[in-house]
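Single-letter residue listing:
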Amino acid sequence: MLDNIREECGIVAVCQLSSTNQPVNVSSYIPNLLLDLQHRGQLGAGMSSYHAQRGSLIKTHRDLGLVERVFALHSPKKSRAIVEELSGSLAIGHVRYATSGKEEDVNLAQPFERIHGKKWKWFSIAFNGNLANFEVLKQGLIEHGYHITYDTDTEIIMHYINRELRGDTEIGFAKLCDSLAKNFDGAYCILFLNAKGEFFAMRDPLGIKPLCYGVKDDLLFVSSESVALTRLGIMQYQDLEPGCVLIAKSHQGYSIERYTPCQKKAFCHFEWVYFSNVASVLNNRSVFKTRRLMGRLLAEHEDLEATAEDRIVPVPETANIIGSAYGFKRQVPVIEGVIRNRYVGRTFIEGVTRQEVMMRKFLPIPRLLAGKRIFLVDDSLVRSTTLKSLVQILRTYARVKEIHIRIACPPIIAPCFYGINFPTSQELFATKFPLTKQGDFSKETLAQMAQALGADSLRFLSIDSLTKAIGHRQHNICLACLNADYPTPFGTKNYHQQLQLP
């Protein structure tokens with residue numbers, strides 16, 4: 001359960017590949033594709049499209065709020081009008097959650113468009129990720145006379161692309177991506193379209209963030225997650241390999257080029273643990289199967305014997321599969337003892353206590369839980385504020401007998417500089433407790449941590465078990481927030497700078 005952690009952004013694209021078929025308004029696909037990625041961002045949404053016969057060759061529509069609001073999906077007439085206004089043969093879309101910049105500034109909704117008189121310099125971009133060397137990149141631009149308006153990664157990326165496009169000679173997209181990669185440190189998936197109807201999708205050399213693509217009915221689809229493609233019936237999709245760029249042109253097909261060697265991979269483990277839709281397959285590994293195996297492995301290492309009073313209660317909703325697998329393995333009943341109100345978001349509720357806010361978000365069912373020993377299963381433990389409040393509610397409102405917390409992710413002991421919004425060690429729950437020389441927590445310390453949460457016991461899944469569940473070799477997964485072993489130089493540098501702070 002992530003406590004006020006801002007999720008990843010989501011990006012999508014659609015391009016008509018052939019000029020021989022009937023023209024298709026690909027923009028009509030974008031809102032539904034973004035709906036499938038709504039879990040990756042709820043602050044804003046938008047779309048840019050290209051149309052060769054339109055006065056404004058690129059047109060962008062973006063706003064704050066959910067996809068339904070931004071594209072007026074509640075009103076078919078208004079929604080059709082938006083889609084028709086952005087009609088085109090090539091389009092990109094974005095849902096945003098802020099990891100940098102102000103949350104409530106409509107100018108920060110993506111895509112970002114840069115207008116220019118030359119068509120190959122007029123472009124729009126959508127971005128998912130986080131640049132660990134943001135401050136260095138920003139300062140470099142300022143020293144070259146740039147004015148930074150919004151203070152976001154996307155603005156920095158836009159300026160760097162603009163720099164690469166300077167002069168009178170067009171640059172190949174593979175060369176452009178290679179130049180960007182030489183400057184950027186961190187995680188980045190970028191979608192780009194220009195006023196010539198050209199498009200590219202690039203994935204960073206480590207592949208920290210996911211990106212996949214597929215083709216159906218002469219249309220190329222690109223998405224942060226496969227769930228958006230399978231919803232269209234595309235089962236033969238591919239992951240874009242790290243260090244590769246997919247290049248397409250409206251009505252002229254597509255190709256894949258490697259812009260830089262992939263010497264190592266660093267897939268973000270949190271994509272499987274929390275971020276991604278359970279129906280998605282990332283880097284050829286099912287999110288559903290990964291979470292199910294996490295639950296089984298968590299049960300295999302359980303040190304408390306089951307009793308007739310035991311009940312497994314998953315924290316909704318990302319822990320549901322984990323909790324079910326955990327209970328099945330232990331042969332203990334799994335109950336939906338905590339109901340989540342899906343209509344309560346991140347909105348601040350003024351004039352009420354933290355417990356009242358939590359009761360509006362999570363409602364326990366006392367008749368199922370009273371007098372029981374429950375195993376509260378969650379996907380992750382970051383700041384602890386939400387989980388601590390939930391434990392308190394379970395004790396006082398649901399009158400449970402014992403609460404044993406089981407976390408299907410190892411303790412988070414270091415900040416993330418690649419897109420997850422826990423950028424400082426001080427805000428992490430686990431950093432308040434001492435590690436052993438082996439880099440884990442002793443039984444005594446786990447007891448202290450449980451007491452701090454108001455629980456009777458606390459257990460975490462190990463790093464070895466997590467990587468086993470994901471199914472990739474450990475050296476191909478970014479585990480920096482679990483072991484402080486960062487895959488990029490600026491990740492390490494930023495962490496060491498934090499350690500030196502008072």
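Residues numbered from 1 in each chain as written. Predicted model: local features only at pLDDT ≥ 70, side-chain atom pairs only at ≥ 80, totals over all residues. Heavy atoms only, no water.

(A) Spatial organisation of the packing of aromatic side chains. Within this structure, the stated rule accounts for 19 aromatic pairs. With centroids separated by 6.1 Å and ring planes inclined at 65°, the aromatic side chains of F112 and Y150 adopt a geometry described as edge-to-face. Of this pair, F112 sits in strand β5 (residues 112-114) while Y150 sits in the loop between α4 (134-143) and α5 (153-164); the two residues are 38 residues apart in sequence, bridging distant segments of the chain. Measuring from centroid to centroid gives 5.2 Å for F429 and F433, while their planes differ by 55°, and the two rings are tilted. Given a relative accessible area of 15%, F433 falls into the buried group. Above the face of the Y160 ring, R163 is positioned so that its terminal group lies 5.3 Å from the ring centre. (Phe/Tyr/Trp six-rings, centres within 6.5 Å; stacked < 30°, edge-to-face > 60°. Helix = DSSP H or I, 4+ residues; strand = E, 2+ residues; numbered from the N terminus. Buried < 20%, exposed > 50% of the residue type's maximum accessible area, 1.4 Å probe, protein only. Lys NZ or Arg CZ within 6 Å of the ring centre and 35° of its normal.)

(B) Geometry of a nonpolar patch on the surface. Taken together, V215, Y254 and I256 make up a surface patch of nonpolar side chains, about 230 Å² in accessible area. Summarising the element assignment, I256 is placed in strand β13 (residues 254-258). Taking relative accessible area as the criterion, I256 reaches 37% and is therefore assigned partly exposed. (Patch = residues over 30% accessible without salt bridge, like charges linked within 9 Å, V, L, I, M, F, W, Y side chains within 5 Å. Areas by Shrake-Rupley, 256 points an atom, 1.4 Å probe, with all protein chains shown as cover. Salt bridge = Lys/Arg side-chain N within 4 Å of Asp/Glu carboxyl O.)

(C) Summary view of unusual backbone geometry. Here the amide bond leading from Q110 into P111 is cis, since omega sits at 10°, within 30 degrees of zero. Following the sequence through the fold, P111 ends up in the loop between β4 (90-96) and β5. With an omega of 5°, the peptide bond running from P316 to E317 counts as cis. With respect to the helices and strands, the residue E317 is situated in the loop between β17 (310-314) and α10 (320-330). The phi dihedral of N283 is positive, around 50°, even though this residue is not glycine.

This is a description of form; function is not addressed.
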